[in-house]
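Residue-level listing of the chains:
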Amino acid sequence: MDAMNDRLNTYGLTTDQTAMQDMVRAFSDTNIAPHAVAWDQEKHFPLDVIKQTAELGMGGIYCREEHGGSGLTRLDAAVIFEAMATGCPATSAFISIHNMVAWMIDTFGDDDQRARVLPALMSIEKIASYCLTEPGSGSDAAAMKTTAKPSGNGYVLNGVKQFISGAGSNDLYVVMARTEDAQGNHQGVSAFIVEDGSEGLSFGAQEAKMGWHVQPTAQVILDDCFVPLENRINAEGMGFKMAMAGLDGGRLNIAACSLGGAQAAFDRAQAYSTERKAFGQEIGRFQAIQFKLADMATDLEAARLMLYSAAAALDAKAYDASKRCAMAKRFVTDTCFNVANEALQIHGGYGYLADYGVEKIVRDLRVHQILEGTNEIMRVIIARALEKSA
């Protein structure tokens, strides 16, 4: 813990931020890390532990204080999700998704929606997920086919959302759907709060995944699902703008989860290199292992600096914040997957065994290069930003 604090203090974080990181790391070390491998093997969704994080203010990290949130910054959130992910990247990632929904309602919802919905989200009495991706539209969000047709005092939603975290366990979903017949572009997309138990709401079978076994993932199926007018967030046609506004922060959050996981893998590999002996000495005395650890430590340092810098730019509403968030998401998730993979290599055959926990981190971090916009799409965003500035 002291070593972690020493590292953080070099990044210019405040005393409050390092204390907050210390608190979250202690919670993760005690309540998450000892159980992460078992949860993964049992495909157990640790909802009881997730609810406990509300005591740390993690139900609405960057929601406004006047609405019951913690009122923290995106840099604060990066520090928090990194610390939580040292215990389990997938658990931290689910909490980040829940926070995205809370932020969206806080930022774009009306007073009635905030009063009705936010208190239970802030206390994590209820959990929530965000529904944008569909079977035929991931990176190409303009191909969205889910519709919302006016009906009486509300809308009838039809469509399927894919890869939804917590599907079947969540209490509510923020669903993006077309309120205008404008296929092939971003116009006419609106956002709706769909509550669990709504008629016409059902879920597909749980997906068999490579990683992220500690959180359920399934399709959200909307079959003539009626949503009252008061559950539409903001005006019609504002959904895509809202979705894009949330993605910068989401990309930083998932990068932070990668960083925490990779740091945990590095720490395990470094410790293992002092314990494992070969040819009469600890393997950490061989230059091949020393150079691996040196490169991994350097890569983690670079990833952390880029993440914190991008988070600070987003907090400052910098003109190039979206570009920097895309850069951070691409660089950090790629780099941290490689660090975790090298940590497995240092463990040799034992790294391939579940009991050591490193292979779980590798599997969990792999999807971070895909979700919140694939890293190929991050390159598109960066390239377009460079073209505009040329």
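Residues numbered from 1 in each chain as written. Predicted model: local features only at pLDDT ≥ 70, side-chain atom pairs only at ≥ 80, totals over all residues. Heavy atoms only, no water.

### Re a nonpolar patch on the surface
Part 1: Taken together, the side chains of Tyr350, Leu353 and Tyr356 make up a nonpolar region of the molecular surface, amounting to roughly 270 Å² of accessible area.
Part 2: With respect to the helices, strands and loops of the structure, tyrosine 350 is situated in the loop between helix H10 (321–346) and helix H11 (358–366).
Part 3: We classify tyrosine 350 as partly exposed; its relative accessible area is 35%. (Patch = residues over 30% accessible without salt bridge, like charges linked within 9 Å, V, L, I, M, F, W, Y side chains within 5 Å. Areas by Shrake-Rupley, 256 points an atom, 1.4 Å probe, with all protein chains shown as cover. Salt bridge = Lys/Arg side-chain N within 4 Å of Asp/Glu carboxyl O. Helix = DSSP H or I, 4+ residues; strand = E, 2+ residues; numbered from the N terminus. Buried < 20%, exposed > 50% of the residue type's maximum accessible area, 1.4 Å probe, protein only.)

### Observations concerning the packing of aromatic side chains
Part 1: Tallied over the entire structure, the rule returns seven aromatic pairs.
Part 2: When the ring of tryptophan 103 is compared with that of phenylalanine 108, the centres are 5.7 Å apart and the planes differ by 90°; the resulting orientation is edge-to-face.
Part 3: Relative accessible area serves as the criterion here: at 17%, phenylalanine 108 is assigned to the buried category.
Part 4: Measuring from ring centre to ring centre gives 6.4 Å for phenylalanine 279 and phenylalanine 286, while their planes differ by 85°; the resulting arrangement is edge-to-face.
Part 5: Judged by its relative accessible area of 81%, phenylalanine 279 is exposed.
Part 6: Overall, the relative accessible area of 26% leaves phenylalanine 286 in the partly exposed class.
Part 7: Put simply, the rings of Tyr272, Tyr350 and Tyr356 pair up and form one aromatic cluster.
Part 8: Residue placement shows arginine 74 over the ring face of tyrosine 62; its charged tip is 3.8 Å from the ring centre. (Phe/Tyr/Trp six-rings, centres within 6.5 Å; stacked < 30°, edge-to-face > 60°. Lys NZ or Arg CZ within 6 Å of the ring centre and 35° of its normal.)

### Brief notes about the environment of glutamate 42
Part 1: Within the secondary structure, glutamate 42 is located in helix H3 (residues 36–42).
Part 2: Exposure remark for glutamate 42: the relative accessible area of 57% places this residue in the exposed category.
Part 3: For the pair formed by glutamate 42 and valine 214, sequence separation is 172 residues and the distance between their alpha carbons is 8.1 Å.

### Considerations on the confidence of the model for the chain
The predicted coordinates of low-pLDDT regions are not to be read in fine detail.
Part 1: Residues with a pLDDT of 70 or more make up 96% of the chain, whose mean pLDDT is 94.
Part 2: In the predicted structure, residues 4–8 sits below a pLDDT of 50 and forms 12 contacts with residues beyond four places in sequence or in another chain. (pLDDT = per-residue confidence, 0-100. Contact = heavy atoms within 4.5 Å.)

### Some words on helix H7 (residues 111–122)
Part 1: If you check H7, its first and last C-alpha atoms are 15 Å apart, about what 12 residues at 1.5 Å a residue would give, namely 16 Å.
Part 2: Among all positions in H7, only Gln113, Arg114, Val117, Leu118, Ala120, Leu121 and Met122 are buried.
Part 3: Those residues of H7 that are buried are in contact with helix H6 (89–108), strand E1 (128–131), strand E4 (172–178), strand E5 (189–195) and strand E8 (232–233).
Part 4: Looking at where H7 begins, the residue whose side-chain oxygen comes 3.1 Å from the main-chain nitrogen of aspartate 112 is aspartate 110.
Part 5: Within two residues after H7, isoleucine 124 carries a phi angle of roughly 55°, on the positive side. (Expected span 1.5 Å × (residues − 1). Polar contact = N/O pair within 3.5 Å; in protein donor to acceptor, adjacent residues only side chain to side chain.)

### Some thoughts on unusual backbone geometry
Generally, phi is negative for residues other than glycine and the peptide bonds are trans, each holding for most cases.
Part 1: Of note in this structure, aspartate 224 is not a glycine but carries a positive phi near 50°.
Part 2: Notably, lysine 317 is not glycine yet its phi reads approximately 55°, a positive angle.
Part 3: Using a relative accessible area of 73% as the deciding quantity, one classes lysine 317 as exposed.

### Looking at the pairing of E4
Part 1: With seven of its seven residues buried, E4 lies for the most part within the structure.
Part 2: Both faces of E4 are covered, namely the face carrying Leu172, Val174, Met176 and Arg178 and the face carrying Tyr173, Val175 and Ala177.
Part 3: With four bridges connecting them, E1 and E4 associate as parallel partners. Looking at the pairing, tyrosine 130 lines up with valine 174 of E4.
Part 4: In this structure, E4 lies alongside E5, joined through seven bridges in antiparallel fashion. Residue alanine 177 lies in a different strand from E5, and its bridge partner there is serine 190. (Pairing = 2+ DSSP bridges.)

### With respect to the environment of serine 198
Part 1: Here serine 198 is to be found in the loop between E5 and strand E6 (201–203).
Part 2: Classification of serine 198 by relative accessible area gives buried; the value is 19%.
Part 3: Considered as a pair, serine 198 and serine 169 are 29 residues apart in the sequence and their alpha carbons are 14 Å apart.

### Some details on the packing of helix H8 (residues 239–275) against H11
Part 1: The interhelical angle for the contact between H8 and H11, taken along N-to-C directions, is 160°, at an axis separation of 10 Å. Put simply, H8 runs roughly antiparallel to H11. Remark: the crossing between H8 and H11 carries left-handed chirality. The residues of H11 that touch H8, namely those facing Cys257, Ser258, Gly261, Ala262, Ala264, Ala265 and Arg268, are Val358, Ile361 and Leu365.
Part 2: Its residues assigned to classes, the contact of H8 with H11 shows seven nonpolar, two polar and one charged. (Axes fitted to C-alpha atoms, helices over the stretch in contact; angles between N-to-C directions. Parallel < 35°, antiparallel > 145°, perpendicular 65-115°, else oblique. Left-handed = near helix turned anticlockwise from the far one by under 90°. Nonpolar A, V, L, I, M, F, W, Y, C, P; charged D, E, K, R; others polar.)

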